[in-house]
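Below, each chain spelled out in residue letters.
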Amino acid sequence: MQLLRLAWALTAAAVCFLLLLILHNHILREGQLAAGTCEVVTLDRDSSQPRRTIARQTARCACRKGQIAGTTRARPACVDAGRDCSQLSSVLSHLKSPARIPRLT
């Protein structure tokens, strides 16, 4: 009798674990990205010109601290931000108004 109760308890625990795993994967798939990953949201191809195809894609990324959205092997990815990127962001953060940005004419 004790062995039967133990078997039922282990079966119920396994079923609960599988349900939680499926639910967790479903929630991640619905709206949230795992840290350090990117997904392609839209992909447009323009073949209006002969012998030329222009492809545009929009990506959504959830990068970790110290990473920026970039590309690796022509796919969107989170890449490590180098020293130049951090310097650029510090320069841009010191600009107080859009009027200070020089215009290219």
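Preceding block: the structure.
Because the structure is predicted, anything quoted here is derived from the model rather than measured. (Residues numbered from 1 in each chain as written. Predicted model: local features only at pLDDT ≥ 70, side-chain atom pairs only at ≥ 80, totals over all residues. Heavy atoms only, no water.)

Trainee: In this structure, what is going on with the pairing of strand E3 (residues 67-72)? I would like to understand it.
Mentor: The side chains of a regular strand alternate between the sheet's two faces. The sheet contact formed by E3 and strand E4 (residues 75-80) spans 6 bridges and is antiparallel. The partner of Gln-67 across the bridge, within E4, is Asp-80. Hairpin connection from E3 to E4: 2 residues lie between these consecutive antiparallel strands, with Arg-73 at a positive phi of about 55°. (Pairing = 2+ DSSP bridges. Helix = DSSP H or I, 4+ residues; strand = E, 2+ residues; numbered from the N terminus.)

Trainee: What exactly am I supposed to notice about the state of the cysteines here?
Mentor: Two cysteines whose sulfur atoms are joined by a covalent bond form what is called a disulfide. Scanning the model with the defined rule gives 2 disulfides in all. Bridging Cys-38 to Cys-61, the disulfide has an S-S length of 2.1 Å. Looking along the S-S bond of the Cys-38-Cys-61 disulfide, the torsion reads about 115°, which is the right-handed sense. Here Cys-38, found in strand E1 (residues 37-46), pairs with Cys-61, found in strand E2 (residues 54-62); they are 23 residues apart in sequence, far enough to count as distant. According to the relative accessible area criterion, Cys-38 is partly exposed, its value standing at 21%. The partly exposed category is assigned to Cys-61, whose relative accessible area is 28%. Across a sulfur-sulfur distance of 2.3 Å, Cys-63 and Cys-78 are joined as a disulfide pair. Looking down the S-S bond of the Cys-63 and Cys-78 bridge, the torsion is -85°, so its handedness is left-handed. Of the two residues, Cys-63 sits in the loop between E2 and E3 while Cys-78 sits in strand E4, which places them 15 residues apart along the sequence. A relative accessible area of 28% places Cys-63 in the partly exposed class. Each disulfide in the chain links cysteines that, numbered along the sequence, combine into the pattern 1-2, 3-4. (Disulfide = S-S within 2.5 Å. Buried < 20%, exposed > 50% of the residue type's maximum accessible area, 1.4 Å probe, protein only.)

Trainee: Teacher, can you tell me more about unusual backbone geometry here?
Mentor: Here the phi dihedral of Arg-51 falls at roughly 60°; this positive angle occurs in a residue that is not glycine. Looking at the element boundaries, Arg-51 is found in the loop between E1 and E2. A residue is classified by how much of its surface remains accessible, and Arg-51, at 88% relative accessible area, is exposed.

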